[in-house]
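Okay, here's what each chain looks like letter by letter:
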Amino acid sequence: MIQLYHHPFTRAAGVVWALEEVGEPYELVHVDVMKGAHKGGDVAAKNPMGKIPVLVDGDALVTEAAAIDLYLADRYALGRLAPALDDPRRGTYLRWAFYAPSVIEPGSLAKSASWEFRPSSAGWGDHPTMLATIDHAVSQGDYLLGDMFSMADVIFGGTVRYMVRFKMLEPSAKVSAYLERIGARAALQRADARNAAIVAERGLG
Ligand SMILES: N[C@@H](CCC(=O)N[C@@H](CS)C(=O)NCC(=O)O)C(=O)O
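About the criteria used
Residues numbered from 1 in each chain as written. Predicted model: local features only at pLDDT ≥ 70, side-chain atom pairs only at ≥ 80, totals over all residues. Heavy atoms only, no water. Pairing = 2+ DSSP bridges. Helix = DSSP H or I, 4+ residues; strand = E, 2+ residues; numbered from the N terminus. Right-handed = clockwise from strand over helix to strand, strands pointing away. Phe/Tyr/Trp six-rings, centres within 6.5 Å; stacked < 30°, edge-to-face > 60°. Buried < 20%, exposed > 50% of the residue type's maximum accessible area, 1.4 Å probe, protein only. Axes fitted to C-alpha atoms, helices over the stretch in contact; angles between N-to-C directions. Parallel < 35°, antiparallel > 145°, perpendicular 65-115°, else oblique. Left-handed = near helix turned anticlockwise from the far one by under 90°. Contact = heavy atoms within 4.5 Å. Nonpolar A, V, L, I, M, F, W, Y, C, P; charged D, E, K, R; others polar. Core = buried A, V, L, I, M, F, W, Y, C linked by side-chain atoms within 4.5 Å. Domains from an automatic or database assignment.

Student: Explain the pairing of strand β2 (residues 26–30) here, please?
Tutor: For a regular strand, the rule is simple: side chains alternate between the two faces of the sheet. Relative to β2, strand β1 (residues 2–6) runs parallel, the two sharing 5 bridges. Across the sheet, residue Gln3 finds its bridge partner in β2, namely Glu27. In this region the chain leaves β1, passes through helix α1 (residues 12–22) and returns to the parallel neighbour β2; the handedness of that crossover is right-handed.

Student: How should I be thinking about the packing of aromatic side chains in this particular structure?
Tutor: Aromatic ring pairs are described here by two measures, namely the spacing of the ring centres and the angle between the planes. With the rule as written, the count across this model stands at 9 aromatic pairs. Seen from their ring centres, Tyr143 and Phe149 are 5.3 Å apart, and the 85° between their planes marks the pair as edge-to-face. Among the residues examined, Tyr143 registers a relative accessible area of 15% and is labelled buried. Of the residues examined, Phe149 reaches a relative accessible area of 7% and is grouped as buried.

Student: Would you mind showing me how to read the packing of α1 against helix α6 (residues 151–165) here?
Tutor: When two helices pack together, you describe them by how their axes are tilted relative to each other and by the distance separating the axes. Where α1 meets α6, the axes come as close as 10 Å, and the angle between the chain directions of the two elements is 160°. With respect to each other, α1 and α6 are oriented roughly antiparallel. Considering the relative orientation of α1 and α6, their crossing is right-handed. Side by side, α1 and α6 meet where Gly14, Trp17, Ala18, Glu21 and Val22 of the first sit next to Met151, Asp153, Val154 and Gly158 of the second. In terms of residue class, the contact of α1 with α6 is built from 5 nonpolar, 2 polar and 2 charged.

Student: Sorry, what's going on with the nonpolar core here?
Tutor: Nonpolar side chains in soluble globular proteins tend to end up buried together. Leu72, Ile104, Ile134, Met151 and Phe156 are the most contacted members of the largest nonpolar core, which totals 55 residues. For this core, the leading source of residues is α6, giving 8 residues. Residue contributions to this core reach at least three from each of two domains, namely domain 1 (2–79 + 188–201) and domain 2 (89–185). Apart from the residues lying within four places of it in its own chain, the contact partners of Leu72 are Ile2, Ala18, Leu19, Val22, Leu55, Ala77 and Met151.

The following block contains the structure:
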């Protein structure tokens, strides 16, 4: 069975949404990050970064939340959550999936932590341009690929949702409407409930 090394307060919580969308059986392996369990033992052996999420699926080992989500979509939901390899939407799909960890994450952190950098040298550019680009991405239809919901929405939408929740990104009206649309996904609601149940069971609140 697919195993996800998980703690509900980490990016692994977002991978639970990806797993719920895919619909394959999976189990969560709890990593006590508060006690530093990820800095040694099983997690560090699997990921020298000593970070989670880590996904193990038979002989496949994947780290990096976005890579895990893309792997799951290609492996288990090609044509459903990922456009087929010869589908022209594949380019747009990969574009926005990569935009989340390479632009939205560092761009939002740079803004909230007041980093000093040259936008022309930094891959995430300047903040207003990033916000305008996010608006553009969510204005092509209900989802990033128009009427097709895809794993790019899990990656990009999940990142935007996190940044808005922790006040690292101010949502425009278009972004708020997009977040409402993805918030209606049954799989996202199941993932939120599963993460919340673990918080409650383990007294992490
Ligand atoms: N680039 C990685 C980042 C993973 C990451 O930073 N994980 C955090 C939790 S969200 C972590 O394990 N932090 C514990 C630590 O570094 O000690 C990804 O996208 O999966």
